[in-house]
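Next come the chains, spelled out residue by residue.
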Amino acid sequence: QVQLVESGGGLVQAGGSLRLSCAASGRTFSTYAMGWFRQAPGKEREFVAAINWNGGRTYYADSAKGRFTISRDNAKTVYLQMNSLKPEDTAGYYCAARAASTSYYYTDDSEYTYWGQGTQVTVSS
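Counting restarts for each chain: residues are numbered from 1 in the order of the written sequence. Side-chain atom pairs in this predicted model are given and counted only at pLDDT of 80 or more, local residue features only at pLDDT of at least 70, and totals for whole chains, interfaces and linings cover all residues. Heavy atoms from the whole structure form the basis of all side-chain values; hydrogens and water molecules are not counted.

Novice: Help me understand the environment of G10, please; the structure alone is not making it clear to me.
Specialist: A run of H or I in DSSP becomes a helix once it reaches four residues, and a run of E becomes a strand once it reaches two; helices and strands are each numbered from the N terminus. Note on placement: G10 falls in strand 2 (residues 10–13). We classify G10 as partly exposed; its relative accessible area is 24%. On a C-alpha basis, the gap between G10 and V123 in space is 8.4 Å, while along the polypeptide they are 113 residues apart. Only protein chains enter the area calculation, which uses a 1.4 Å probe; residues under 20% of their type maximum are buried, those over 50% are exposed, and those in between are partly exposed.

See below:
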């Protein structure tokens, strides 16, 4: 069982930065692949970034490439560094986890087992 708690959201002006954190409980966190997703009001949840179990492989949605960086310290925390934020980045951000002690990362929300409660990011223009 893994429990995830996100933090770091807030209100920021366009062009600013935020660093989201996802703290995980559970003894086997190091063998979990992780992902970040977001959902804006009235829209479907969308993939943002993913990382494999050891941090060696990452993948980003086109909207995040060049601006966001996913990382993990395997001390049970995954991060999403978000730079050059835009108003269209405004959404609730959720981290997700699934057991995967391989090189795979996952971009489909149906592939994840555990979800956090989310943290709100609001970018003003």
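What follows continues from the structure just given.
Novice: Explain the sheet that holds strand 3 (residues 18–25) here, please?
Specialist: Working definition: the strands of a sheet are paired by backbone hydrogen bonds and lie parallel or antiparallel to each other. Paired strands, as defined in this entry, are two strands with at least two bridges between them according to DSSP. Pairing is antiparallel across the open sheet formed by four strands, whose spatial order is 1-3-8-7. Of all strands in the sheet, those with a lone pairing partner are strand 1 (3–7) and strand 7 (68–72), marking the two edges. Across the sheet, the mean angle from the axis of one strand to that of its neighbour is 15 degrees, orientation sign disregarded. Direction of pairing for strand 1 relative to strand 3: antiparallel, over a ladder of five bridges. Counterpart to S7 in the pairing with strand 3 is S21. Only the stretch in contact is used when fitting a helix axis, every axis being a line fitted to C-alpha atoms; angles between N-to-C directions are given from 0 to 180 degrees.

Novice: Explain the environment of S21 to me, please; I cannot follow it from the model alone.
Specialist: Looking at where S21 falls in the secondary structure, it is placed in strand 3. Here S21 falls in the buried class, since its relative accessible area comes to 18%. Remark: the alpha-carbon pair of S21 and S7, spanning 14 residues in sequence, is separated by 5.3 Å.

Novice: Quick question: what am I supposed to make of the side chain of R72 here?
Specialist: Position of R72 among the secondary structure elements: in strand 7. Comment: no salt bridge for buried R72; closest opposite-charge side chain is D73, at 6.8 Å. Here the side chain of R72 touches Y32 through a polar contact of 2.6 Å, landing on its backbone oxygen. Charge assignment: positive for Lys and Arg, negative for Asp and Glu; neither His nor the chain ends contribute. Salt bridges, as used here, are contacts in which a Lys or Arg side-chain nitrogen is within 4 Å of a carboxyl oxygen on Asp or Glu. Pairs of N or O atoms are called polar contacts if they sit within 3.5 Å, as long as, within protein, a hydrogen donor faces a hydrogen acceptor (for residues adjacent in sequence, only side-chain-to-side-chain pairs).

Novice: Mind showing me how you'd approach the state of the cysteines here?
Specialist: Disulfides are covalent bonds that link the sulfur atoms of two cysteine residues. A pair of sulfur atoms, both from cysteines and within 2.5 Å, is called a disulfide here. Under the defined criterion, the tally for this structure stands at one disulfide. Here C22 engages in a disulfide with C95; their sulfurs sit 2.0 Å apart. Taking the sign of the torsion about the S-S bond as the criterion, the disulfide between C22 and C95, at about 55 degrees, is right-handed. Of this pair, C22 sits in strand 3 while C95 sits in strand 9 (residues 91–99); the two residues are 73 residues apart in sequence, bridging distant segments of the chain. Assigned by exposure class, C22 and C95 land together as buried.

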